[in-house]
Amino acid sequence: MNVYDFDGTIYDGDSTKDFFIFCVRRYPKICIILPKFFYYFIQYIIGNCDKERLKESFFGFLRLLPNTQDEVMLFWEKHEIKIQKWYLSQKRSNDVIISASPGFLLQPICEKLGISCIASVVNPDNGLYTGLNCYGNEKVRRFREIYIDASINCFYTDSLSDIPMVEIAQSAYIVKNGNVTKYDIF
């Protein structure tokens, strides 16, 4: 099995940021969440809140959408073209995406691609987290929770935060600007 990070790896960019911009263009009023987000961003920087609380403040914009799932489907109609061609040329049905991005955003595109997805569990109606952000060591924990004894043939990422996943893979690759290179940390 091959496992892939999503944003910056098989998706050209950050899907969460792109989804927010997509929604702002359709519903400019959602910018009302930005002052609260910037407050929590500063709190996060100085160590007064965790990453989940920071992200919940950002995902508060979901409360202002008429139907999040409809918006997600419209988003992917326009942004599916940002799935990297190198990935599409090697995609297999047993591939697994593991990402800190919210599951409600990634699940539809993963279903369309015919692959599995492990992501942060975020309520699409209010932006609240269930559990921890799927990031760093949490990715390994979540992966092992589902694929107890599975081995990872290849892991692909664009981020050093994924070293815990790199360490459990037989081989790993770093992706920068659509270029895939062997990831040697050992």
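Above this text you will find the structure in question.
Residues numbered from 1 in each chain as written. Predicted model: local features only at pLDDT ≥ 70, side-chain atom pairs only at ≥ 80, totals over all residues. Heavy atoms only, no water.

**Q** Before we go on, may I ask you to explain the overall build of the protein chain in this structure?
**A** A tally of regular secondary structure across the protein chain gives 8 helices and 6 strands. If you list the helices and strands of the protein chain from N to C, you get β-α-α-α-α-α-β-α-β-α-β-α-β-β. Scaling as 2.2 N^0.38, a compact globule of 186 residues should have a C-alpha radius of gyration of about 16 Å, and the protein chain matches this with 17 Å. Across its three principal directions, the C-alpha atoms of the protein chain cover 45 × 40 × 30 Å. Considering the protein chain as a whole, with its 186 residues, one finds that 50% of them fall into the buried category. For the protein chain, restricting intrachain contacts to residue pairs at least 6 apart in sequence, the fraction spanning at least 24 positions comes to 61%. Accessible area of the protein chain: about 9400 Å², with a carbon and sulfur share of 54%. Distance between charge centroids for the protein chain: 4 Å, based on 21 positive and 22 negative side chains. (Helix = DSSP H or I, 4+ residues; strand = E, 2+ residues; numbered from the N terminus. Rg over C-alpha atoms; globule rule 2.2 N^0.38 Å. Buried < 20%, exposed > 50% of the residue type's maximum accessible area, 1.4 Å probe, protein only. Contact = heavy atoms within 4.5 Å. Areas by Shrake-Rupley, 256 points an atom, 1.4 Å probe, with all protein chains shown as cover. Lys, Arg positive; Asp, Glu negative; His and termini not counted. Charge placed at Lys NZ, Arg CZ, Asp CG, Glu CD.)

**Q** Can you help me understand the side chain of E52 in this one?
**A** With respect to the secondary-structure elements, E52 resides in helix α3 (residues 51-58). Buried charge E52 goes without a salt bridge, the closest partner of opposite sign being K51 at 7.7 Å. Filtering out sequence-adjacent residues up to four positions away, E52 remains in contact with Y129, G131, L132 and N133. (Salt bridge = Lys/Arg side-chain N within 4 Å of Asp/Glu carboxyl O.)

**Q** How do you make sense of the environment of R141 when you look at a structure like this?
**A** Structurally, the position occupied by R141 is in helix α7 (residues 137-146). Looking at R141, the relative accessible area reads 42%, which means it is partly exposed. Taking the C-alpha atoms as reference points, R141 and P164, 23 residues apart in sequence, are found 9.7 Å from one another. Among the polar contacts listed, one links the side chain of R141 to the side chain of E138, at a separation of 2.7 Å. (Polar contact = N/O pair within 3.5 Å; in protein donor to acceptor, adjacent residues only side chain to side chain.)

**Q** Just checking my understanding: could you explain the pairing of strand β6 (residues 179-182) for this structure?
**A** Here is the key point about a regular strand: its side chains alternate between the two faces of the sheet. The pairing of strand β5 (residues 169-176) with β6 spans 4 bridges and is antiparallel. By the bridge assignment, Y173 is partnered in β6 with K182. Linking β5 back to β6 in an antiparallel pair, the connection comprises 2 residues, with N177 at a positive phi of about 55°. (Pairing = 2+ DSSP bridges.)

**Q** Looking at this model, I keep getting lost on the environment of L54. Mind explaining?
**A** Within the fold, L54 resides in helix α3. For L54, a relative accessible area of 9% gives the class buried. Separated by 11 residues in the primary sequence, L54 and Q43 have C-alpha atoms spaced 8.2 Å apart.

**Q** Explanation requested: the pairing of strand β3 (residues 116-120) in the structure shown.
**A** Taken across its 5 residues, β3 has 4 buried, putting it largely inside the fold. Two strands pair when backbone bridges link them, and strand β2 (residues 96-102) and β3 are joined in this way by 5 bridges, in the parallel orientation. Note that in β3 the partner of P102 across the bridge is S120.

**Q** Quick question: what am I supposed to make of helix α1 (residues 15-26) here?
**A** An α-helix turns once per 3.6 residues; consequently, residues spaced three or four apart project the same way. Taking 1.5 Å per residue, 12 residues should reach 16 Å; α1 reaches 16 Å between its end C-alpha atoms and fits that length. Buried within α1 we find S15, T16, D18, F19, F20, F22, C23 and V24. The secondary structure elements touched by the buried residues of α1 are α2 (34-45), α3, α4 (68-79), β2 and α6 (103-113). Capping of α1 at its N-terminal end is provided by D14; its side-chain oxygen lies 2.9 Å from the backbone amide nitrogen of T16. (Expected span 1.5 Å × (residues − 1).)

**Q** Looking at this structure, how should I read a nonpolar patch on the surface?
**A** On the surface, F38, F41, I42, I45 and I46 cluster together into a nonpolar patch covering about 520 Å² of accessible area. In this structure, I46 sits in the loop between α2 and α3. With relative accessibility at 55%, the residue I46 sits in the exposed group. (Patch = residues over 30% accessible without salt bridge, like charges linked within 9 Å, V, L, I, M, F, W, Y side chains within 5 Å.)

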